[in-house]
Amino acid sequence: MKTTALSLSRNGAPRALSRDLPTVDQVMLEERAAAFAKRSIKTSAKLAGLKLAVSTMDLTTLEGKDTPGKVAFLCRKAMQPTDPWYDVPPCAAVCVYPNFVRVAKKILARSRVKVASVATAFPTGLMPVKLKLAEVRSAAGDGADEIDMVIDRGKFLAGEHARVFDEIAATKEACGDAHLKVILETGELQTYDNVRLASEIAMRAGADFIKTSTGKISPAATMPVTLVMLEAIRDYFYESGIRIGMKPAGGIRTAKEALAYLVMVKETLGDDWLTPALFRFGASTLLNDVLMQLVKVVDANYQSADYFSLP
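Residues numbered from 1 in each chain as written. Predicted model: local features only at pLDDT ≥ 70, side-chain atom pairs only at ≥ 80, totals over all residues. Heavy atoms only, no water.

### Digging into the overall build of the protein
Rules: Runs of H or I in DSSP of at least four residues are treated as helices and runs of E of at least two as strands, each being numbered from the N terminus. Each radius of gyration reported is based on C-alpha atoms, and the globular scaling rule is 2.2 Å times the count of residues to the power 0.38. Accessible area is worked out with a 1.4 Å probe on protein chains only. A residue is then buried under 20% of its type maximum, exposed over 50%, and partly exposed in between. Two residues qualify as a contact provided that any one of their heavy atoms is within 4.5 Å of a heavy atom in the partner residue. Using a 1.4 Å probe, accessible areas were evaluated by the Shrake-Rupley method; residue-level cover was limited to the displayed protein chains.
A count of helical and extended segments in the protein gives 12 helices and 8 strands. Relative to the compact-globule value of 19 Å for 311 residues, the protein shows a C-alpha radius of gyration of 19 Å, a close match. Relative to its full complement of 311 residues, the protein shows a buried share of 52%. Taking the intrachain contacts of the protein between residues at least 6 apart in sequence as the baseline, contacts between residues at least 24 apart amount to 75%. Looking at the protein as shown, the accessible area adds up to about 13600 Å², and 53% of this sits on carbon and sulfur atoms.

### A few points about the nonpolar core
Put simply, the rule is: In plain words, nonpolar cores are sets of buried Ala, Val, Leu, Ile, Met, Phe, Trp, Tyr and Cys residues tied together by side-chain atoms within 4.5 Å.
Core analysis: the biggest nonpolar cluster contains 88 residues, and Ile147, Ile168, Val182 and Phe281 have the highest contact counts within it. The element that contributes the greatest number of residues to this core is helix H11 (residues 255-269), accounting for 10 residues. Apart from the residues within four sequence positions on either side, Phe281 is in contact with Ala53, Thr56, Met57, Asp58, Lys247, Pro248, Ile252, Ala258, Tyr261, Leu262 and Leu286. Counting residues in each nonpolar core, the second largest holds 7 residues, with Cys95, Ala116, Val118 and Phe122 among its members.

### Observations concerning the side chain of Thr61
Stated formally: In protein, a polar contact means a hydrogen-donor-capable atom and an acceptor-capable atom, both N or O and within 3.5 Å, with residues adjacent in sequence counting only if both atoms are side-chain atoms; elsewhere, any N or O pair within 3.5 Å suffices.
If you trace the backbone, Thr61 turns up in the loop between strand E1 (57-60) and helix H4 (68-79). Since its relative accessible area comes to 3%, Thr61 is described here as buried. Here the side chain of Thr61 touches Lys70 through a polar contact of 3.2 Å, side chain to side chain. Apart from residues no more than four positions distant in its own chain, Thr61 is found in contact with Asp66, Lys70, Val71, Leu74, Cys95, Val96 and Tyr97.

### What to know about the packing of aromatic side chains
Short version of the rule: Only Phe, Tyr and Trp rings are paired, with Trp represented by its six-membered ring, and only when their centres lie within 6.5 Å; those with planes under 30 degrees apart are stacked, over 60 edge-to-face, the remainder tilted.
In total, this model carries 6 aromatic pairs according to the counting rule given. On the numbers, 5.1 Å between centres and 90° between planes, the contact of Trp85 with Tyr86 is edge-to-face. Look at Trp85 and you get exposed, because its relative accessible area is 61%. Judged by relative accessible area, which is 8%, Tyr86 ranks as buried.

### A word on the pairing of strand E2 (residues 93-96)
Put simply, the test is: Pairs of strands are assigned from DSSP output, requiring at least two bridges between the strands. By convention, orient the strands away from the viewer: a clockwise path from the first strand over the helix to the second makes the crossover right-handed.
Because side chains alternate across E2, one face comprises the buried residues Ala93 and Cys95, and the other comprises Val94 and Val96, equally buried. Here E1 runs beside E2; their pairing, made up of 3 bridges, is parallel. Bridge pairing in E2 links Asp58 to Ala93. Each parallel crossover has a hand, and the one from E1 via H4 to E2 is right-handed. Handedness of the crossover joining E2 and strand E3 (residues 114-119) through helix H5 (residues 101-108): right-handed.

### Here we look at the pattern of salt bridges
Rules: Counted as salt bridges are all cases of a side-chain nitrogen of Lys or Arg within 4 Å of a carboxyl oxygen of Asp or Glu.
By the definition in use, this model includes 26 salt bridges. The partner of Glu231 in a salt bridge is Arg32, with the nearest N and O atoms 3.2 Å apart. Separated by 199 residues along the polypeptide, Glu231 in helix H10 (residues 223-240) and Arg32 in helix H2 (residues 26-36) bring together distant segments of the chain. Among the ionic pairs, Arg243 bridges to Asp272, the shortest N-O distance being 2.9 Å. Of the two residues, Arg243 is situated in the loop between H10 and strand E7 (245-247) and Asp272 in the loop between H11 and strand E8 (281-283); the sequence distance between them amounts to 29 residues. Residue classification places Arg243 among the partly exposed residues on the basis of a relative accessible area of 39%. Ionic contacts of the salt-bridge type, sharing partners, join the residues Asp58, Glu146, Asp148, Lys181, Lys211, Lys247 and Arg280 into one network.

Set out below in structure tokens:
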């Protein structure tokens, strides 16, 4: 019997999601999210936070002009983000289109940096399911450690939640040993309640991570939306004992913003989630700003932006 989002949870328990989920208090949510950006972080904690931010980044290139050379450069930057003297950890992963997975895998083979690949007709999700699953199997077969899929927002907004659930579950199966990150594209989901419901469906269907955005539309990641998703992860963990990862992606460009997100994760989910295994930033321009701030903390003065290679 096929499982659906409205009939079965991930562990098989009956549950009518749209009726059982709490309504999001928009005023309280936005006030609490804004408060995290006002925290003062001192020098030693700031340095640790900046290094943690680097270690949780999925360094990303998803452009029509991507080339094997650009992907190779990105992989090398992910392995050694800046001068070794600063003791900066490698990034968590490099995220590329499926046709560049083999290039990235070859370069990163002897490192601990993972290869992530977008799939399922990224960024729209508008392709027949059988073709989406073929794309996932191809990327996983080429060596992707992680698959970032997009949900069909049209189906979700039309109330076809069971079909969204079933597609995520089928994608998880197609991933094989690769971890699955499910992109909700929260900027198109219209309400916080929809973000909460989509998060719940994704987790119960088999997501290893839930992710805010493709980075291709605005708004992408925001602190209130991320907080909704973190609270969904927390509640699901309390119910099931299963830890689901979180990935805000798109629109996070400064070290100050990154630190605020890390504070939010710590205070909502705890220290266990402050690891690349359970938290990631989707980043293309964020890395260099974090490196600039990190060098300032260590050397007590800024380096020019030209000091760092472009990702």
